[in-house]
Amino acid sequence: MDITRRCDYACRILRAAYKSGDEYVSVSEIAEKEDIPYAFARSIQHDLVKAGLIRTVRGARGGLVLNSDPADVTMLDVLEAIQGPVSVSLCAIDPDYCEKHADCAYNKVWHGADRLLNDYFSQITLRDLFERGAKHPAIVEAMGHAAPTVEARGAATLEAVVEGEPLLAKESCA
């Protein structure tokens with residue numbers, strides 16, 4: 001599974017909408033600030049509106065704003081809205097892709113990986129991601145940093161292991 005540039009840009013647009021709160025923010029402003037080609041940002045905006053993640057208003061004071069509670073929108077919702085089903089292999093999501101899928105051990109491996117990815121992405125809401133960043137418990141665990149204890153590694157070491165600013169502080173990373 002690859003996170004496409006389109007999906008990365010969509011995440012940046014959603015972050016900008018989150019930062020703006022209830023204020024409408026223009027697509028051109030987001031495109032410039034997030035280093036997204038304007039035409040591409042407009043195209044992605046359409047997908048985000050279609051998915052119900054943002055709403056737009058035209059005009060001089062228009063722009064876009066989140067259309068859903070960021071505490072209810074997961075990374076899985078965003079990925080599926082922009083890229084479709086989250087899967088490591090076509091044979092795991094399309095039984096017609098390979099006639100041998102029913103008896104194939106690899107197919108089961110791909111299904112297992114899909115389940116892990118979907119579970120992971122569904123644990124992370126936009127609000128948690130934008131406010132906690134790399135300190136989100138699911139991210140910490142996935143990065144393999146959940147096992148150390150303060151006693152075993154020392155408070156300073158654990159702090160370094162779990163370092164990471166909330167994504168609101170980042171300007172170029174979705």
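Just so it is clear, the structure is predicted and the values come from calculations on it, not from any experiment.

## A look at the side chain of Arg15
Relative to the assigned elements, Arg15 resides in helix 1 (residues 5-20). On the accessibility criterion, Arg15 (1% relative accessible area) is buried. Among the polar contacts made by the side chain of Arg15, one reaches the side chain of Glu34 at a distance of 2.7 Å.

## Side note on the pairing of strand 1 (residues 54-57)
In the sheet, strand 1 pairs with strand 2 (residues 63-66) via four bridges, with the strands oriented antiparallel. The partner of Arg55 across the bridge, within strand 2, is Val65. Between strand 1 and strand 2, which pair antiparallel and follow one another directly, the connecting turn spans five residues, one of which, Gly59, has a positive phi of 115°.

## Description of helix 3 (residues 38-50)
Given a rise of 1.5 Å per residue, 13 residues ought to cover 18 Å, and the 19 Å separating the end C-alpha atoms of helix 3 matches this to within 8%. Among the structural elements, helix 1, helix 2 (27-34), strand 1, strand 2 and helix 4 (75-83) are those in contact with the buried residues of helix 3. Positive phi appears at Gly52, one or two residues downstream of helix 3, with a value of about 80°.

## Description of unusual backbone geometry
Of note, the phi angle at Asp35 is positive, near 60°, even though the residue is not glycine. You can see Asp35 is positioned in the loop between helix 2 and helix 3. Among the residues examined, Asp35 registers a relative accessible area of 62% and is labelled exposed.

## A short note on the packing of aromatic side chains
Within this structure, the stated rule accounts for four aromatic pairs. Geometrically, the ring pair formed by Tyr18 and Phe130 is tilted, given 5.1 Å between the ring centres and 50° between the ring planes. Remark: Phe130 occurs in helix 7 (residues 126-132) and Tyr18 occurs in helix 1; sequence separation between them is 112 residues. For the pair shown, Tyr18 and Phe130 are each scored as buried. Here the aromatic rings of Tyr106 and Trp110 are separated by 6.1 Å at their centres, their planes lie at 20°, and the arrangement is stacked. Residue Tyr106 and its partner Trp110 are both found in helix 6 (residues 105-123); the two are separated by four residues, about one turn of the helix.

## Some details on the layout of surface pockets
There is about 290 Å³ of room inside the second largest pocket. Residue lining of the second largest pocket: 14 residues in total, with Val27, Arg42, Gln45, Thr56 and Arg58 positioned closest to the centre. At the level of secondary structure, the elements contributing two or more residues to the lining of the second largest pocket comprise helix 2, helix 3 and strand 1. Looking at the lining of the second largest pocket, the element that brings in the most residues is helix 3, giving five residues. Class assignment for the residues of the lining of the second largest pocket results in four nonpolar, eight polar and two charged.

## Thoughts on the side chain of Gln45
With respect to the helices, strands and loops of the structure, Gln45 is situated in helix 3. Of the residues examined, Gln45 reaches a relative accessible area of 11% and is grouped as buried.

## Side note on a nonpolar patch on the surface
Judged by side-chain polarity, Met1, Ile3, Val88, Tyr106, Val109 and Trp110 come together as a nonpolar surface patch covering roughly 540 Å² of accessible area. A relative accessible area of 58% places Tyr106 in the exposed class.

Thresholds applied
Residues numbered from 1 in each chain as written. Predicted model: local features only at pLDDT ≥ 70, side-chain atom pairs only at ≥ 80, totals over all residues. Heavy atoms only, no water. Helix = DSSP H or I, 4+ residues; strand = E, 2+ residues; numbered from the N terminus. Buried < 20%, exposed > 50% of the residue type's maximum accessible area, 1.4 Å probe, protein only. Polar contact = N/O pair within 3.5 Å; in protein donor to acceptor, adjacent residues only side chain to side chain. Pairing = 2+ DSSP bridges. Expected span 1.5 Å × (residues − 1). Contact = heavy atoms within 4.5 Å. Phe/Tyr/Trp six-rings, centres within 6.5 Å; stacked < 30°, edge-to-face > 60°. 1 Å grid on protein atoms, 1.4 Å probe; cavity = no way out; pocket = protein on both sides within 12 Å on 5 of 7 lines; lining within 4 Å. Points joined across faces, edges and corners; volume = space filled by probe spheres on them. Nonpolar A, V, L, I, M, F, W, Y, C, P; charged D, E, K, R; others polar. Patch = residues over 30% accessible without salt bridge, like charges linked within 9 Å, V, L, I, M, F, W, Y side chains within 5 Å. Areas by Shrake-Rupley, 256 points an atom, 1.4 Å probe, with all protein chains shown as cover. Salt bridge = Lys/Arg side-chain N within 4 Å of Asp/Glu carboxyl O.

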